[in-house]
Amino acid sequence: MNRKIWLLLFGLVFGFQISAQRFGIVDSEYVLTQIPEYAKAQQQLDQLSRTWESEIEALLSEADAMRKAYEAEKVLLTEEMKAEREAAIKAKEEEAKNKQQLYFGIKGKIYSKRQELIKPIQDKIYNAVQEVARRRNLDVVFDKGSELITLYVSEKVDISDEVIENLEDE
């Protein structure tokens, strides 16, 4: 019986505490689409990506052409000439692979450029979310644009438009 009283008391104390918390929801993907700087940054990244992809494709096409020419002339070549051609083809393919890693690898140029262009925008959004949260006296703000699973969101707690207004006021 004593245990039931403690559980009831515990539930009431923490139940009131949890219900007293105020929270908001922000959709960072929606906010990003409303920022012109983000669209410009994304266009720059897309252009760089296309340029670098075409550079890599050109190297791979060159390697493919070298391979086809080698296969066509293979019967006429000496062993030494075959080895030279195979080494040249392998070097061209390796060059393409290295460029791909340089541009699109884990810490490649596209990653660095994305950090350079997008990070300041994300920081502005983060600061705007903090400002709106302080102004509305919110305890927690969730991002429904990320991996957060949201089953229901009342319009009263969605602060995305306020975040955009805050960004426009800066």
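See the structure shown above.
Residues numbered from 1 in each chain as written. Predicted model: local features only at pLDDT ≥ 70, side-chain atom pairs only at ≥ 80, totals over all residues. Heavy atoms only, no water.

Undergrad: I'm lost on the overall build of the chain in this one. Help?
TA: A count of helices and strands for the chain gives six helices and two strands. Ordering the α and β elements of the chain from the N terminus gives α-β-α-α-α-α-β-α. Taking all 170 residues of the chain together, the buried fraction comes to 25%. Within the chain, contacts between residues separated by at least 24 positions form 79% of all contacts whose residues are at least 6 apart in sequence. Carbon and sulfur atoms make up 55% of the accessible area of the chain, which amounts to about 12,500 Å² in all. (Helix = DSSP H or I, 4+ residues; strand = E, 2+ residues; numbered from the N terminus. Buried < 20%, exposed > 50% of the residue type's maximum accessible area, 1.4 Å probe, protein only. Contact = heavy atoms within 4.5 Å. Areas by Shrake-Rupley, 256 points an atom, 1.4 Å probe, with all protein chains shown as cover.)

Undergrad: Would you explain the packing of helix α5 (residues 109-135) against helix α6 (residues 160-169) in this entry?
TA: When two helices pack together, their arrangement is captured by the angle between the axes and the distance separating the axes. One can describe the packing of α5 onto α6 by two numbers: an axis separation of 9 Å at closest approach and a directional angle of 115°. Regarding the angle of α5 to α6, the classification is roughly perpendicular. As for how α5 packs across α6, the hand of that crossing is right-handed. Counting all contacts with α5, which are made through K124, I125, A128, V129, E131, V132 and R135, the residues of α6 involved are E162, V163, N166 and L167. (Axes fitted to C-alpha atoms, helices over the stretch in contact; angles between N-to-C directions. Parallel < 35°, antiparallel > 145°, perpendicular 65-115°, else oblique. Left-handed = near helix turned anticlockwise from the far one by under 90°.)

Undergrad: What am I meant to see in a nonpolar patch on the surface here?
TA: On the surface, F23, V140 and F142 cluster together into a nonpolar patch covering about 230 Å² of accessible area. Topologically, F142 is positioned in strand β2 (residues 140-143). (Patch = residues over 30% accessible without salt bridge, like charges linked within 9 Å, V, L, I, M, F, W, Y side chains within 5 Å. Salt bridge = Lys/Arg side-chain N within 4 Å of Asp/Glu carboxyl O.)

Undergrad: Can you walk me through the packing of aromatic side chains in this structure?
TA: The description of an aromatic ring pair uses the distance of the two centres, along with the angle that the planes make with each other. Per the counting criterion, the structure on display carries four aromatic pairs. Aromatic side chains W52 and F104 sit 6.3 Å apart centroid to centroid with 75° between the ring planes, which places their arrangement in the edge-to-face category. Here W52 is found in helix α3 (residues 36-73), whereas its partner F104 is found in helix α4 (residues 79-104), with 52 residues between them in sequence. Classification of F104 by relative accessible area gives partly exposed; the value is 28%. A connected cluster of aromatic rings, assembled from ring pairs, spans W52, Y103 and F104. (Phe/Tyr/Trp six-rings, centres within 6.5 Å; stacked < 30°, edge-to-face > 60°.)

Undergrad: Would you mind going over the side chain of S28 with me for this structure?
TA: Relative to the helices and strands, S28 resides in helix α2 (residues 28-33). At 2.7 Å, the side chain of S28 and the side chain of D143 are in polar contact. Here S28 is in contact with D143 and G145, once residues within four sequence places are set aside. (Polar contact = N/O pair within 3.5 Å; in protein donor to acceptor, adjacent residues only side chain to side chain.)

Undergrad: Even after reading the chapter, I still don't get the pattern of salt bridges, so can you show me in this structure?
TA: Where charged atoms of side chains with opposite charge meet at close range, the side chains can pair. Going through the model one piece at a time under the given rule, you end up with 13 salt bridges. We note a salt bridge from E79 to K82, for which the minimum N-O separation is 3.5 Å. A residue pair is termed a helical-turn pair when its members lie 3 or 4 positions apart in one helix, as E79 and K82 do in helix α4 at three residues. Among the residues examined, K82 registers a relative accessible area of 18% and is labelled buried. Here the residues in one salt-bridge network are E62, K92 and E95, joined through shared partners.

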